Amino acid sequence: MKINWGTGIVIAFAIFITFILYFVFSVQSNSKYDNELVVEEYYKHDAKFGDEMTRVQNAQDLPQKPEIMNTSEGITIVFPAVFDAKGIKGKVSFYRPSDKKFDFEVPILLSNSSLKVPKQKLLGGRWDINMEWQYEGKLYLTKEVIYIE
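Residues numbered from 1 in each chain as written. Predicted model: local features only at pLDDT ≥ 70, side-chain atom pairs only at ≥ 80, totals over all residues. Heavy atoms only, no water.

Chemist: What is the right way to look at the overall build of the chain in this model?
Modeler: Along the chain, the regular secondary structure elements total three helices and seven strands. Reading the chain from its N end, one meets helices and strands in the order α-α-α-β-β-β-β-β-β-β. Taken against the 2.2 N^0.38 rule, which gives 15 Å for 149 residues, the C-alpha radius of gyration of the chain at 24 Å runs more than 25% over that of a compact globule. Here the C-alpha coordinates of the chain stretch approximately 85 × 35 × 25 Å along the principal axes. For the chain, the proportion of its 149 residues judged to be buried stands at 28%. For the chain, contacts bridging at least 24 residues in sequence account for 56% of all contacts bridging at least 6. If you sum the accessible surface of the chain, you get close to 11,000 Å²; carbon and sulfur atoms cover 59% of it. Computed over 18 positive and 19 negative side-chain charges, the separation of the two mean positions in the chain equals 3 Å. (Helix = DSSP H or I, 4+ residues; strand = E, 2+ residues; numbered from the N terminus. Rg over C-alpha atoms; globule rule 2.2 N^0.38 Å. Buried < 20%, exposed > 50% of the residue type's maximum accessible area, 1.4 Å probe, protein only. Contact = heavy atoms within 4.5 Å. Areas by Shrake-Rupley, 256 points an atom, 1.4 Å probe, with all protein chains shown as cover. Lys, Arg positive; Asp, Glu negative; His and termini not counted. Charge placed at Lys NZ, Arg CZ, Asp CG, Glu CD.)

Shown next as structure tokens:
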């Protein structure tokens, strides 16, 4: 039996569509491929975006900004000497984009101008660091992406 061009093209499309459907169903049903949202309450987070941008701009406007450094001991956050360490309040959120099970937060409670997070708490790979803090009633947000080796 001979197959003409039209029949061959239809068969090729049918095989391709079958492969794509198989792939989609197998990925959706396999728990190994987790399809989580990065933020649980996405729309609530999006509604507060304007406030977030104001806090980011407040941090950008500082003449001396806090530094987030990747050291051999872990992550070190150093606030400039112009800030009174006891007047800084807030939290540092560590987000692991590849797996939210490893996300954690550290409160900012300073006795000197630096905060250290030990390397034992951090797996290798990418970490998104969001530091939400306030000083003298003004809110700030500092964002940084760090790669741990």
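The rest of the description comes next.
Chemist: Any chance you could explain the sheet that holds strand β5 (residues 114-118) here in plain terms?
Modeler: By definition, the strands of a sheet pair up through backbone hydrogen bonds, in either a parallel or an antiparallel sense. Taking strand neighbours across the sheet as the criterion, the three strands line up as β1-β2-β5 in an open arrangement whose pairing is antiparallel. The sheet is open, and its two borders are formed by β1 (67-70) and β5, each paired with just one other strand. Strand after strand, the sheet turns through a mean of 15° between neighbouring axes, direction not considered. Where β1 lies against strand β2 (residues 74-78), four bridges are found, and the strand directions are antiparallel. Residue pairing in the sheet places isoleucine 68 in a bridge with isoleucine 77 of β2. (Pairing = 2+ DSSP bridges. Axes fitted to C-alpha atoms, helices over the stretch in contact; angles between N-to-C directions.)

Chemist: Which parts of the structure should I look at to understand the pairing of β2?
Modeler: Remember that side chains alternate between the two faces of the sheet whenever the strand is regular. Within β2, four of the five residues are buried, which leaves it mostly tucked inside the rest of the structure. In this antiparallel pair of consecutive strands, β1 and β2, the connection spans three residues. Summarising the sheet, β2 and β5 pair through five bridges and their orientation is antiparallel. In the strand pairing of β5, isoleucine 77 is matched with leucine 115.

Chemist: Please explain unusual backbone geometry as it appears in this structure.
Modeler: Glycine aside, the phi torsion of most residues is negative, and most peptide linkages are trans. Backbone geometry places glutamate 136, a non-glycine residue, at a positive phi of 55°. Considering the arrangement of structural elements, one finds glutamate 136 in the loop between β6 (125-135) and β7 (138-148). By relative accessible area, glutamate 136 is classed as exposed at 70%.

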